[in-house]
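# Close look at the chain arrangement
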Amino acid sequence: MFHRWCLGLTLGAALVAGQPVPARTQAWVLALDERGGVVTDLKAEDFKVRVDGKARPVVQVKTPAQTAEAPQSWILVFEPIRDTGHRTTAFLAAADFLTKVPLGDRVLIVARGKDSLESLMPGLSVNRARWAEAMAKVPDLLPESLVGTPKETLQGAGFKADFTDVPDGDAGQEALNAMLARFRGGAPGWARGTVDQRGVNVLDRLNLNNPSFVTGMLATIGRESKALESILDLAAAVPGQKHLVVFSRCEMDDMTHPMVKRAMTQSFRRERGDAGGPAESATLATRDMTLLQASLKAKAASTGVTVYSVAGAGQNVMGHVGSVAPATGGYAFPLSDGVEARFGQGIQMFGSRYLLQWTEDSVPEKALPLDIDITRKGVKLLVQTLR
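A brief look at the structure comes next. (Residues numbered from 1 in each chain as written. Predicted model: local features only at pLDDT ≥ 70, side-chain atom pairs only at ≥ 80, totals over all residues. Heavy atoms only, no water.)

With that settled, consider the sheet that holds strand 2 (residues 47-51). An order of 3-2-13 is seen for the three strands of this open sheet, with the pairing classed as antiparallel. Taken across any chain shown, the strands that pair with only one partner, and hence form the sheet edges, are strand 3 (54-56) and strand 13 (370-374). Ignoring which end each strand starts from, the neighbouring axes of this sheet average 30° apart. Examined bridge by bridge, strand 2 and strand 3 share three bridges and lie antiparallel to one another. The residue bridging Val51 from the neighbouring strand is Lys54, located in strand 3. (Pairing = 2+ DSSP bridges. Helix = DSSP H or I, 4+ residues; strand = E, 2+ residues; numbered from the N terminus. Axes fitted to C-alpha atoms, helices over the stretch in contact; angles between N-to-C directions.)

With that out of the way, let us pick up the nonpolar core. The biggest cluster of nonpolar side chains holds 66 residues, and the ones touching the most others in it are Phe78, Phe91, Ile109, Met135, Leu244, Phe247 and Phe343. With eight residues, helix 3 (residues 84-99) is the single largest residue contributor to this core. When sequence neighbours within four positions are dropped, the list of residues in contact with Phe91 reads Phe78, Met135, Val138, Pro139, Leu142, Phe183, Trp190 and Ala191. Listed in part, the 19 residues of the second largest apolar core include Ala31, Phe47, Leu370 and Ile374. (Core = buried A, V, L, I, M, F, W, Y, C linked by side-chain atoms within 4.5 Å. Buried < 20%, exposed > 50% of the residue type's maximum accessible area, 1.4 Å probe, protein only. Contact = heavy atoms within 4.5 Å.)

Within the fold, Gly199 resides in the loop between helix 5 (169-184) and helix 6 (202-206). When the C-alpha positions of Gly199 and Ala94 are compared, they lie 29 Å apart, and in sequence the two are 105 residues distant.

Even without being glycine, Arg192 reaches a positive phi, approximately 65°. Within the fold, Arg192 resides in the loop between helix 5 and helix 6. Of the residues examined, Arg192 reaches a relative accessible area of 42% and is grouped as partly exposed. A positive phi angle, close to 55°, is found at Asn207, a residue other than glycine. Residue placement: Asn207 occurs in the loop between helix 6 and helix 7 (211-235).

Before going further, it helps to examine the pairing of strand 10 (residues 305-310). For strand 10, the buried fraction is high: six of the six residues fall into the buried class. What you see with strand 10 is no split at all: Val305, Val307 and Ser309 on one side and Thr306, Tyr308 and Val310 on the other are buried throughout. Both strand 9 (residues 242-249) and strand 10 contribute to a ladder of six bridges, which runs parallel. Paired with Phe247 across the bridge in strand 10 is Val310. Relative to strand 11 (residues 332-333), strand 10 runs parallel, the two being bridged by two bridges. Of the residues in strand 11, the one forming a bridge with Ser309 is Ala332.

Once that is clear, we can look at helix 10 (residues 278-303). Between its terminal C-alpha atoms helix 10 stretches 37 Å, which fits the 38 Å expected from 26 residues at 1.5 Å a residue. Gly304 occupies a position one or two residues after helix 10 and carries a positive phi of about 75°. (Expected span 1.5 Å × (residues − 1).)

Another point: the packing of helix 3 against helix 12 (residues 339-350). As a packed pair, helix 3 and helix 12 sit with axes 8 Å apart at the nearest point and diverge in direction by 35°. Crossing handedness for the pair helix 3 and helix 12: right-handed. Within the contact between the two elements, helix 3 uses Thr89, Leu92, Ala93, Asp96 and Phe97 and helix 12 uses Val339, Glu340, Phe343, Gly344, Ile347 and Phe350. Class assignment for the residues of the contact of helix 3 with helix 12 results in seven nonpolar, two polar and two charged. (Left-handed = near helix turned anticlockwise from the far one by under 90°. Nonpolar A, V, L, I, M, F, W, Y, C, P; charged D, E, K, R; others polar.)

Let's shift gears to the environment of Ala90. If you trace the backbone, Ala90 turns up in helix 3. Owing to a relative accessible area of 0%, Ala90 belongs among the buried residues under this scheme. For the pair Ala90 and Leu291, spaced 201 residues apart in sequence, the C-alpha separation works out to 27 Å.

Attention now moves to the sheet that holds strand 4 (residues 58-62). Reading across the sheet, the four strands line up as 4-12-1-14 and stay open at both edges, with antiparallel pairing between neighbours. Two strands bound the open sheet, and with one partner strand each, they are strand 4 and strand 14 (380-382). In this sheet, adjacent strand axes meet at a mean angle of 30° when their direction is disregarded.

Once that is clear, we can look at the packing of aromatic side chains. Enumeration over the complete set of coordinates arrives at 16 aromatic pairs. A ring pair is formed by Trp74 and Phe97, whose centres lie 5.4 Å apart and whose planes are at 75°; its orientation type is edge-to-face. One end of the pair, Trp74, is in strand 5 (residues 73-81); the other, Phe97, is in helix 3, and 23 residues separate them in sequence. When its relative accessible area of 0% is taken as the criterion, Trp74 is described as buried. Feature note: the residues Trp74, Phe78, Phe91, Phe97, Phe183, Trp190, Phe247, Tyr308, Tyr331, Phe333, Phe343 and Phe350 constitute an aromatic cluster, connected by ring pairs. (Phe/Tyr/Trp six-rings, centres within 6.5 Å; stacked < 30°, edge-to-face > 60°.)

The subject of this paragraph is the pattern of salt bridges. Any two side chains of opposite charge can pair if their charged atoms end up close together. For the coordinates displayed, the defined rule picks out 15 salt bridges. Note that Arg82 is salt-bridged to Asp196, the shortest N-O span being 3.8 Å. Within this pair, whereas Arg82 is found in the loop between strand 5 and helix 3, its partner Asp196 is found in the loop between helix 5 and helix 6, the two being separated by 114 residues in sequence. The exposure class of Arg82 is buried, given its relative accessible area of 13%. (Salt bridge = Lys/Arg side-chain N within 4 Å of Asp/Glu carboxyl O.)

This part takes up the side chain of Ser230. Tracing the backbone through its elements, the reader meets Ser230 in helix 7. A polar side-chain atom of Ser230 sits 2.5 Å from the main-chain carbonyl oxygen of Ala227. Sequence-distant contacts of Ser230, that is, excluding residues within four places in its chain, are made with Glu152, Thr153 and Leu154. (Polar contact = N/O pair within 3.5 Å; in protein donor to acceptor, adjacent residues only side chain to side chain.)

Note that every value here comes from positions in space, so none of it alone points to a role or purpose.
Right under this line is the structure:
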């Protein structure tokens, strides 16, 4: 287990004392060089902040070294995953990730149950054996599709903001390592799920010929998305960096597939008396999913949570949350071979962010476009695009 990366500097007293700056006037910024390494020596004058096109003065910048020792919060959310192979990949990536979480950081594990998203622990925990116990339940609990009628808030053990437990040191780390070893050495089919049939494209799977089915599925996805947003609301009051990681491969990812958008302009055979067809269904799906993604981006910005996704099939097929993640300053990982190593190694960078704070004359209620640039050449910023 590695400890939090830092340059030997300690967390300043100002970081732990005093009132936190409202999330809407601050942003966590990840700076990378051309090789993908973390840039650690930027100063306030290196950043330019614009809100709704208007320049805002930067008042303070805390470097990754200054924020390195502050506890961070990681919320892993498992939405339904169909295919056995994809489930296996997702569970291994998550289990490996947990073994690498730095000491002192907190974890909450949430999984889709029979009807709704369920918390598998009472709140953010530092007890690694508790993480291992919760993660071990996910393969049997997680359905293959968005079954049931989701409730719009987090179910299960819920979320207690004042929940605390105690670290369990080496024993907890051993429990995580043992859980990962069980997953890696599991018998065929241990991850459950059904092997996807080859040759079934996303349009056939979504049954776009049946507008009533599509309308009902969009209603289910809408409730599921509200439940996901409720987790962001619960995490809003948690201090420090907050990360939400969504593992998924289900209908809400299919609805954002590029083939659905292309189907809006395709010609299909119409039947007399039908209630619409694939083009109409695709138009409805694209509209609703775009609205849901905009809502999720705005919620992440207002709550100060960085969102990540392990879901899509590649650069152009990122899934529902994967299409949102970059706009929050996060990453979208395809759910494919090799993601276990890439995702697990990524934790070394995820938390190495600058805390950038600026002033505004007033704080409007609605989300506004946020543009943060860097004056230094060869540096790429990953940052939210709304405030």
